[in-house]
Each structure stands twice: as structure tokens, then as C-alpha cells.
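# Inside the fold
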Amino acid sequence: MRMYDIISKKQNNIELTEDEIRWMISEYTAGTIPDYQMSAFAMAVYFNGMTKYETAVLTDAMANSGDTLDLSRYGDRSVDKHSTGGIGDKTTIVVAPVVASLGGIVAKMTGRGLGHTGGTADKLESIPGFNIILSEESFLRQVDEIGIAVTAQSGNLAPADKKLYALRDVTATVESTPLIASSIMSKKLASGAHSIVLDVKVGSGSFNKTPEIAVDLAKTMIEIGTSCGRNVTAVLTDMNLPLGKNIGNSLEVQEAIDVLKGSGPSDLKTVCVELASNMLVLSNKWDIDHAREQVNKAIKSGSALQKFREWITAQGGNAECIDDYSLFPNSSVKYEVRAAKTGYISDMNAEKLGLISVALGAGREKKEDNIDFSAGIVLEKKLGDYVNQNDVIAVLHTSSLDKAVAAAKTLLEITVISGKKTDIPPLIYSVLK
Ligand code: URA
């Protein structure tokens, strides 16, 4: 077989065979298919899509491209959660300890930032000392001991997706339903949880710009998961606005801790409660109202925060940062951006905010780039808010004044202030099972 022929078939919209897809994934994982040919393939899929059959085979091939975790010892209590990617989305850092504090087993593999969106692996790494790469043995030992462990995609779990994910990030081929569905579900299948809650984002800051695309992606992932014997729920949540106020790795962890302490922005808390409750419906067989009540109690009583402390400590992190945010990486430049006039913020594109945050240092422009954990944006005002001229709209955190000045200019360009109050979209669109 030749990769050239596979690219050409996809370019001409001819369905690939199972053998072709499996051969391509195994050769790419082994390193015999170079990145430039795989990029051409991803671009052909970006334009021409994949059939359901091709998507299912691609998912299975990537899920089995390396090791797979066996979580069967936890019966049906193991539950995973995955977001399709958004701006300011720090929900995993809240829901994982909440669910674990209520008896769910959270054994989770998580990703790095992708395109304009952040990744939980990078966020957790901003906690001083936190070790995001766990061996299978220490991962499972930690789950046995405290019911929660989160690891970055190791070299051996779905390695084909790890390579392809990093390649798509820098070749403008992320926004493709079959590539997103197979990427997410291959990781979920390889990491073994019995139940999975998918947070499928909708809106300008997500890879799914419209509810139709999001529903299609959710249904594709549910079909793949259930055909492999997993329980899958998809919660469609809004990503026209960033979640919470903070964008950027260590800033987001601090905001997640605020929610675990019972404060924090209400939009973030609402989405976290919905996701955690749906996870507990699957893992603990609770009805949704009971699950919501228990989640709220776990936050109020401090038991979720206590589980977070145990989790951070178990993975080598300095849990003192929970009480002292100055222990987090701190940016040398904090630059205020002020409103040019008085009125309502009627446009502030979330994807562009994500790109500004990447430019400040919070994400990668090339796959080998290092991240500045302290970089990002604190939004003092969001879409729909009323501002007076000269009010602070945002504070930019970065390492150089030049970067801050350039980012401030872009932020003011994308912030439209008008006399008309804009309708804010709902936070939760629907729950699909
Ligand atoms: N999250 C993933 O894991 N993969 C994608 O392709 C997009 C979001």
C-alpha cells in the first residue's frame, strides 16, 4: 500500500477500506509515514469528511495503536469526562474531585492545548510540582487509593492520536467532525472507563460553530462509544463566551479552586454541576436531581476541595497553592485594557480571545513550543456587560510589554461596544444519551 494512493482516494471522495485505514495508522504510529503525508491526509478529510464506517475504523485503529487500560476491576463505577475544547474551560479540574468525593471512580487521560483552546494537561502542569505523566502502575495505584488520577496522554495510550492531534493543531485541520470524534473516542476507549460524559461545546469559541455541527459530533461519538459497550452521555454546553473570567493555564486552575471553595463565577459553577451530576448518574446510578443535590453538598461541605487536595498531593503537587495563589507561576507583566467608550459589549469573539491568549504565551503556535503557564487573560467584563468609558475590560498576563501591547490592540478591535444589550445564549443546550 502507498500513502500517496490513500491521500488521493480521500481527495477524490472515495471511501477507504478498513485495511487501508488500519495500515495507515499503524505505519504512521511506527514513524514510516511522515508528518507531511499525514497532514495532507488530514486536510483531505477536513474538506471531504469521512463516512460513519471510516470514522469507526479510524477510531478503533487509533484506540488500539498502543496500550489500553483495563479498568474492569472498578465494575461500572469508572467514569470519564471529556470536553471537545473551549476557552477558559477548566471544568475537569472541578468535576473530577467532586465526582471522586462522591464515590465515582475518575481514572482519566487528558489532552494538551489544541489550536485556540486550552488543555487540562497543561493547566494541571501549572500547579507547582504536579506530575501529569503517570506510569500505568502509579496511575492505577492512585485510583485504588484515592479514587482519582489524571494523566496526560502517555507515549503508549492511543499514540496515533497523540501524533495526529499535535499535527492537526499546527496544520489548521482541527475543525473536522470525524477527526474530532475519532480523536476523542480513541482516547476514551483506550483509557478504559465504563461510562463517559462528553461536554460538547457549541459556539464561536468551540470547534463546533453551530448547534447542528455539535449535535452531529455528539451523536457520532455516542454511536462509537455505545457500539463498544460504553455508557455515553453528551451535554451540549455554550462556548460563545469563555467559561468563567480566567483564560490561561495557572489563572484557570485558580478559578477552578475558587469554585471548589464555593465561590467563583456562576457560569462555570453551573456547567460543572451539570457535568458532575451526569457523571454520577452513570457511575452511581443516581437520578439527576439527587446527583445535583449531592454535588452542591460536596462543594458546600468542603469534601470536594479536600479530595482535590489529596489528588494534587498524590501527583506531587504543592497543595499549599490552594490557600496561597502566589505559589502559582506569576506573570511579570499585568496590562490593563480599558473600554474605548460607554455602552454594552455586543461582540467579543471567544475564538479570538483564545488566540490572544495563545499569543500572550498560554498556548503553542508550533508543536514544539513551550507554554508560559502564567500567561493569559482575566476578563473583568464579558459579552452583554455594560461598561463605562475607561473601565477595565481585561487584564493581560504575559512576560513582555510588547506582547501585551499587541494583544491589547487586538482585544480592543474584537470588543464591540454599542447601545444595544445583546442576548446571552443559554449555558446548557441539551443532554443526549
Ligand atoms: N479534543 C480532542 O481530544 N481531540 C480533538 O480533535 C478535539 C478536541
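No experiment lies behind these values; they were computed from the predicted model shown.

As a further point, take the overall build of the protein. Counting its secondary structure elements, the protein contains 16 helices and 13 strands. By the compact-globule yardstick of 22 Å for 433 residues, the protein fits well, its C-alpha radius of gyration being 21 Å. Expressed as lengths along the three principal axes of its C-alpha atoms, the size of the protein is roughly 65 × 45 × 35 Å. Here the protein, with 433 residues, has 57% of them falling under the buried criterion. Across the protein, the fraction of contacts at a sequence separation of at least 24, relative to all contacts at a separation of at least 6, is 78%. Charged side chains in the protein number 45 positive and 53 negative. The centres of these two groups are separated by 3 Å.

By nearness alone, nine residues border the ligand, and His-82, Tyr-165, Arg-168, Ser-183 and Lys-187 come closest of all. Interatomic distance of 2.8 Å between a side-chain N/O atom of Arg-168 and an oxygen atom of the ligand. Residue Ser-183 places a side-chain N or O atom 2.7 Å away from a nitrogen atom belonging to the ligand. Burial of the ligand by the surrounding chains reaches 97%, relative to a free accessible area of 240 Å². For the shell around the ligand, the leading source of residues is helix H9 (residues 177-190), giving four residues. Residues that form the shell around the ligand fall into these classes: four nonpolar, three polar and two charged.

Considering all chains together, one arrives at five aromatic pairs under this definition. Consider the rings of Tyr-46 and Phe-47, whose centres lie 5.1 Å apart with planes at 90°: the pair is edge-to-face. By relative accessible area, Phe-47 is classed as exposed at 62%. Residues Tyr-344 and Tyr-386 carry aromatic rings whose centres are separated by 5.2 Å and whose planes lie at 70° to one another, so their mutual orientation is edge-to-face. Taken together, the residues Tyr-344 in strand S8 (residues 343-348) and Tyr-386 in strand S10 (residues 386-387) connect sequence positions 42 residues apart.

Let us now look at the pattern of salt bridges. If you walk through the whole model with that rule in mind, you get 26 salt bridges. A salt bridge links Lys-123 to Glu-252; the nearest nitrogen and oxygen atoms lie 2.7 Å apart. Of the two residues, Lys-123 is situated in helix H6 (residues 120-125) and Glu-252 in helix H11 (residues 249-260); the sequence distance between them amounts to 129 residues. Using a relative accessible area of 3% as the deciding quantity, one classes Glu-252 as buried. Between Arg-292 and Glu-274 there is a salt bridge, and its shortest N-O distance comes to 3.1 Å. One end of the pair, Arg-292, is in helix H13 (residues 288-301); the other, Glu-274, is in helix H12 (residues 266-283), with 18 residues separating them in the sequence. In the salt-bridge network here, residues are joined through shared partners; they are Glu-18, Arg-22 and Asp-60.

Turning next to the side chain of Thr-91. With respect to the helices and strands, the residue Thr-91 is situated in helix H5 (residues 91-101). Look at Thr-91 and you get buried, because its relative accessible area is 0%. Within the structure, the side chain of Thr-91 is placed 2.8 Å from the side chain of Asp-89, a separation counted as a polar contact. In contact with Thr-91, not counting residues within four places along its chain, are Lys-81, Asp-199, Leu-243, Leu-268, Val-271, Cys-272 and Leu-275.

We now examine the packing of helix H1 (residues 3-11) against helix H2 (residues 18-30). Contact geometry for H1 and H2: axes closest at 11 Å, N-to-C directions at 125°. What the angle tells us is that H1 and H2 run oblique. Here the hand of the crossing between H1 and H2 comes out left-handed. Facing Met-3, Ile-6 and Lys-9 of H1, the residues of H2 in contact are Glu-20, Trp-23 and Met-24. Taken together, the residues of the contact of H1 with H2 break down into four nonpolar, no polar and two charged.

It is worth spelling out unusual backbone geometry at this point. In the Ramachandran plot, Lys-285 falls in the positive-phi region, its phi being about 55° despite a non-glycine side chain. Locating Lys-285 in the fold gives a position in the loop between H12 and H13. The phi dihedral of Asn-390 is positive, around 80°, even though this residue is not glycine. With respect to the element layout, Asn-390 can be found in the loop between S10 and strand S11 (392-398).

What follows covers the side chain of Asp-80. With respect to the helices and strands, the residue Asp-80 is situated in strand S1 (residues 79-83). Residue Asp-80 is classed as buried on the basis of its relative accessible area of 0%. Side-chain polar atoms of Asp-80 contact the side chain of Lys-108, separated by 3.4 Å. Apart from the residues lying within four places of it in its own chain, the contact partners of Asp-80 are Ala-107, Lys-108, Lys-188, Ser-191, Ala-193, Ser-195, Ile-196, Val-197 and Met-279.

Conventions adopted
- Residues numbered from 1 in each chain as written.
- Predicted model: local features only at pLDDT ≥ 70, side-chain atom pairs only at ≥ 80, totals over all residues.
- Heavy atoms only, no water.
- Helix = DSSP H or I, 4+ residues; strand = E, 2+ residues; numbered from the N terminus.
- Rg over C-alpha atoms; globule rule 2.2 N^0.38 Å.
- Buried < 20%, exposed > 50% of the residue type's maximum accessible area, 1.4 Å probe, protein only.
- Contact = heavy atoms within 4.5 Å.
- Lys, Arg positive; Asp, Glu negative; His and termini not counted.
- Charge placed at Lys NZ, Arg CZ, Asp CG, Glu CD.
- Near = heavy atom within 4 Å.
- Polar contact = N/O pair within 3.5 Å; in protein donor to acceptor, adjacent residues only side chain to side chain.
- Areas by Shrake-Rupley, 256 points an atom, 1.4 Å probe, with all protein chains shown as cover.
- Nonpolar A, V, L, I, M, F, W, Y, C, P; charged D, E, K, R; others polar.
- Phe/Tyr/Trp six-rings, centres within 6.5 Å; stacked < 30°, edge-to-face > 60°.
- Salt bridge = Lys/Arg side-chain N within 4 Å of Asp/Glu carboxyl O.
- Axes fitted to C-alpha atoms, helices over the stretch in contact; angles between N-to-C directions.
- Parallel < 35°, antiparallel > 145°, perpendicular 65-115°, else oblique.
- Left-handed = near helix turned anticlockwise from the far one by under 90°.

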